[in-house]
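Single-letter residue listing:
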Amino acid sequence: MSVRIRVERRLTQPVWIEAFIPLFSIVMALVTGSIFLAVLGAPPLQAYNAMFRASMGDWLGIRDTLVKAIPLMTAGVGVTLAFKMSVWNIGATGQIIIGALATTAAVRYVYVDNRFVMFWLMFLAAVLAGGGWAAMAGYLKARWNVNEIITTLMLNYIALQLLYYFVYGPWRDPASLGFPMTTPFPPAARLPFLGTGRIHLGLIIALVLGVIFWLVFRFTRWGYEIRVMGESPRTARFAGMDYVKNVVLVMFLSGAIAGIAGMGEVAGLTGRLQHGFTAEYGYTAIIVAWLARLHPLTVILVAFLIGALHVGGEVLQIVMRLPLASTQMLQGLILFFILGGEFFRRYRIRFHTGEKE
Amino acid sequence: MKKTIVLLLAVAVFLFGSNAFAFDPIPEDELQVGFVYVGPVGDGGWSYMHDLSRQAVEEAYPGITTSYVESVEEGPDAVRVMETFVRQGFQLIFATSFGFMDQVIEVAEQNPDVVFMHCSGYRTAENVGVYFGRMYQARYLSGLVAGSMTETNTIGFVAAHPIPEVIRGINAFTRGVRAVNPDAVVRVIWLYSWFDPGKESEATMALVDAGADVIAMHADSGAAPLAAEEAGVYVVGYNNDMSGYAPTRHLTAPIWDWGVVTTRVVGQVIEGTWQSENIWWGMDAGIVDLAPFGDMVPEEVRTLVEEERSRIVNGEWDVFWGPVADQDGNIRVAEGKRMSDEELLSFSWYVQGVEGEIPSN
């Protein structure tokens, strides 16, 4: 007697599997991680408990996690939009930077001492700049079929150099003793905080964007067209959909949303543009979008979980005295298992027992 | 800018003079000390040396608990990390990068019972002290070695951020180079990063291609010495003895010993005698020094460095005592004059012998 294992594509995906597989993947990642933790001399349950309590256990933890998650949510929705159309926008990082630069430019050059007016000025600047930056790559793709993975990636580096130029050069705070940062934004140019913490208006913007694009893809004709163009450009062309125009438009919107994330970081969180401005969110947002399977509402949830992993990871260092690498390993395990779980969502494994034919 | 500095000094004097604020003693076995590092603790340079100072504290006071978080970005992340330390009951926090400055002040304001020590910044408060060392003194000595060893008269300098601290170091190094070799020039490549081993080694190769036969550096990792060893050029390390990265090419290195400060501060916090202060100690205090020479450094160079070293340690002379000329040869500090600490802390021009421009204002 022999056992044969056969991998078959699932024809239907039962509802229970949608929820069960990701959860099971996380549990398996934690189980595997606990082996590593035990080897490092950290009691696994105590470590997980510390991580959970620090990132979601109380209001301060949730606040820290949300702050970390805001740019991930926003930029995550942005790249999701492009990915739906199979346009691979890898440039959220650059678009975030450009959005932050445009926000700072608005504060410096068209400052109005009114919170409401200033918000819309910054918003408009971030949207136009971030969107325009991404639309360049969109146009190159539409017009000459230039690979957008390459162009968006390379535009990231240009954006970074522009950031350096401004913070080291013309926008450097004269009182900073030469350290690369701008003067602090005046109060009217700061996004309002929600409650007492440092959660800013960016959270609401992220949630609204998530809901809007969920509705767009679910209920509008344009959303449907984008999906068709993403899944089958030929079909779309036969159906008379304007691929060229929509590539540019989708890239613009995708970049504009990343630009808004940049605005949130400088006008909401730091209150000034500085060298250490973290735009690495742009890359993490890609992971967020995929983990969320390009679902705008799931993006919000996944971004929160990734934020929690980050915040909880620090506590592992402080409380359990583990090196940074061990927390990164845990984060990596969780991503690995979730992506691996995707396989079981789409395929089933059958064990056949019986005589060989 | 002058005004700001004057104001800051006034505030500092007021704080030191007032003596109003005192902290209760904390028994050694209850004290928890946190360290915030900008790079990975295994960077083999800046953060590594700070971690040695954490270990020095543990050794000197075996009862206390220490902990650290590494690779913390200069920005909002630093606030969260320090707040987490506070929430976990830590009473003393060392923040070890310039870019944590505003964040230290922010967290310190909300937690007046916690003592913060910020390395390399200038903002103090009742519960925030700052500490740094006069690294430029050791850099000058390393410049004497580099200037003696170069044959092409071109020396490369791999530099992190164009801020006064780094510019001061390049200038001091160049003063050393020119003291023994008036024909030599120093070329600078800026990384715009404290820790980026890839860029550090690329910059090293670029400088070698441009004719440099000695490389000096101000960056956090050992990547530049590693690349110099491979390229077959001499190298002056930084932060710690980097001869491990360049066993046959390492001339020497200006090095830190932060343990001098951390053990003292921890002792004061335990006794309840700690008060905010602005520490900017020199080579005489042992906070900066020179790593052992490589075998290739000739005897007469060693003797010269030793002589200059004792002049600095004894206070007979210092690196930026006039005359100091700028790049164009204009005397910026006249003979008999000395640059003040404020001028040193806001250094924004190159001395004679440095090629290129400071990325700009």
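A word on the overall build of chain B. Counting secondary structure elements, chain B contains eleven helices and 16 strands. Relative to its length of 361 residues, chain B is compact, with a C-alpha radius of gyration of 20 Å against a globular reference of 21 Å. Within chain B, buried positions represent 54% of all 361 residues. In chain B, the share of contacts with a sequence separation of at least 24, taken over all contacts with a separation of at least 6, comes to 67%.

Let us look at the domain arrangement of chain B. All names here are of chain B. Partitioning chain B into structural domains gives domain 1 (2-133 + 257-285) and domain 2 (135-253 + 291-355). Domain 1 and domain 2 are separated by 28 Å when their C-alpha centres are compared. The interface is formed by 18 residues belonging to domain 1 together with 18 residues belonging to domain 2. Broken down by element, the side of domain 1 that touches domain 2 gets its largest block of residues, four residues, from helix 2 (residues 46-60). Broken down by class, the residue content of the side of domain 1 that touches domain 2 amounts to nine nonpolar, seven polar and two charged.

Moving on: the environment of Ala 134 of chain A. Residue and element names in this part refer to chain A. Turning to its location among the elements, Ala 134 is positioned in helix 5 (residues 115-144). For the pair Ala 134 and Phe 213, spaced 79 residues apart in sequence, the C-alpha to C-alpha distance is 18 Å. Among all residues touching Ala 134, those that are not within four sequence positions of it are Asn 89, Gly 91, Gln 95, Thr 152, Met 251, Phe 252, Ser 254 and Gly 255.

Now for the interface of chain A and chain B. If you look at the interface, chain A gives 27 residues, while chain B gives 33 residues. Every element with two or more residues in the side of chain A that touches chain B is listed here: helix 6 (148-168), helix 10 (243-270) and helix 12 (296-319) of chain A. In terms of residue count, the dominant contributor to the side of chain A that touches chain B is helix 12 of chain A (six residues).

Right, let's get into unusual backbone geometry. With an omega dihedral of 0 degrees, the bond running from Gly 322 of chain B to Pro 323 of chain B counts as a cis peptide bond. Looking at the element boundaries, Pro 323 of chain B is found in the loop between helix 10 (299-313) and strand 14 (324-325). A positive phi is found at Asn 145 of chain A, a non-glycine position, where the angle reads about 60 degrees. Tracing the sequence through the fold places Asn 145 of chain A in the loop between helix 5 and helix 6. The exposed category is assigned to Asn 145 of chain A, around which 8 C-beta atoms lie within 10 Å. Positive phi, close to 80 degrees, is recorded for Ser 120 of chain B, a residue that is not glycine. With respect to the helices and strands, the residue Ser 120 of chain B is situated in the loop between strand 4 (115-119) and strand 5 (128-133). Residue classification places Ser 120 of chain B among the partly exposed positions, given that 19 C-beta atoms sit within 10 Å.

Residues and elements named next belong to chain A. Relative orientation of the contacting elements helix 11 (residues 281-291) and helix 12 amounts to 125 degrees, with a least axis distance of 8 Å. With respect to each other, helix 11 and helix 12 are oriented oblique. Here helix 11 and helix 12 pass one another in a crossing that is right-handed. Here Thr 284, Val 288, Ala 289 and Leu 291 of helix 11 lie close against helix 12, whose contacting residues are Val 299, Val 302, Ala 303 and Ile 306. Looking at the contact of helix 11 with helix 12 residue by residue, the class counts come to seven nonpolar, one polar and no charged.

To continue, consider the sheet that holds strand 6 (residues 154-159) of chain B. All names here are of chain B. Pairing within the open sheet is parallel, and its six strands lie in the order 10-9-8-6-7-16. The open sheet has two free edges, formed respectively by strand 10 (250-252) and strand 16 (354-355), since each of these has just one partner strand. For strand 8 (residues 214-218) and strand 9 (residues 234-236), the ladder comprises three bridges, and the chain directions are parallel. Counterpart to Val 214 in the pairing with strand 9 is Tyr 234. The sheet strands contacting helix 7 (residues 197-209) are strand 6, strand 7 (185-190) and strand 8, and the helix crosses strand 6 at an angle near 165 degrees.

Of all hydrophobic cores here, the largest spans 220 residues; its most connected members are Val 36 and Ile 215 of chain B. For this core, the element with the highest residue contribution is helix 10 of chain A, accounting for 15 residues. Counting the residues that make up this core, at least three belong to each of domain 1 (2-133 + 257-285) and domain 2 (135-253 + 291-355) of chain B. Setting aside its immediate chain neighbours within four residues, Ile 215 of chain B contacts Gly 156, Val 158, Thr 204, Leu 207, Ala 224, Ala 228, Val 233 and Val 235 of chain B.

All right, on to the pairing of strand 5 of chain B then. All names here are of chain B. Summarising burial for strand 5: six of the six residues are buried, a large majority. Residues Val 128, Val 130 and Phe 132 line one face of strand 5 and the alternating positions Gly 129, Tyr 131 and Gly 133 line the opposite face, and both faces are buried. Bridge count between strand 4 and strand 5: four bridges; the pairing is parallel. Across the sheet, residue Cys 119 finds its bridge partner in strand 5, namely Tyr 131. Both strand 5 and strand 12 (residues 278-281) contribute to a ladder of four bridges, which runs parallel. Bridge pairing in strand 12 places Phe 132 opposite Trp 280.

Cut-offs and rules
Throughout this description, residue numbers start from 1 for each chain and increase along the sequence as written. Chain labels run from A onward and ligand labels from 1 onward, assigned in the order the entries are written. Only residues with pLDDT of at least 70 are given local features in this predicted model, and only at 80 or more are side-chain atom pairs given and counted; all residues enter the totals for whole chains, interfaces and linings. Secondary structure is summarised from DSSP: a helix means a run of H or I of at least four residues, a strand means a run of E of at least two, and numbering begins at the N terminus for each. Every radius of gyration here is taken over C-alpha atoms, with the globule rule written as 2.2 Å times N^0.38, N being the number of residues. Residues are called buried when their C-beta atom has 20 or more other C-beta atoms within 10 Å, exposed when it has 12 or fewer, and partly exposed otherwise; all C-beta atoms are positioned from the backbone. Contact between residues is assigned whenever the C-beta positions, reconstructed from backbone atoms, fall within 7 Å. Where each domain begins and ends follows an automated or database-derived domain assignment. Each residue is assigned to one class: nonpolar for Ala, Val, Leu, Ile, Met, Phe, Trp, Tyr, Cys and Pro, charged for Asp, Glu, Lys and Arg, and polar for all the others, Gly among them. What counts as an axis is a line fitted to C-alpha atoms, over the stretch in contact for a helix, and the angles between N-to-C directions run from 0 to 180 degrees. Angle categories: roughly parallel below 35 degrees, roughly antiparallel above 145, roughly perpendicular from 65 to 115, and oblique for all the rest. In this scheme the crossing of two helices becomes right-handed for a clockwise turn of the near helix relative to the far one and left-handed for an anticlockwise turn of less than a right angle. Two strands are counted as paired when DSSP detects at least two bridges linking them. Remark: nonpolar core denotes a set of buried Ala, Val, Leu, Ile, Met, Phe, Trp, Tyr and Cys residues whose joining runs through C-beta atoms within 7 Å.

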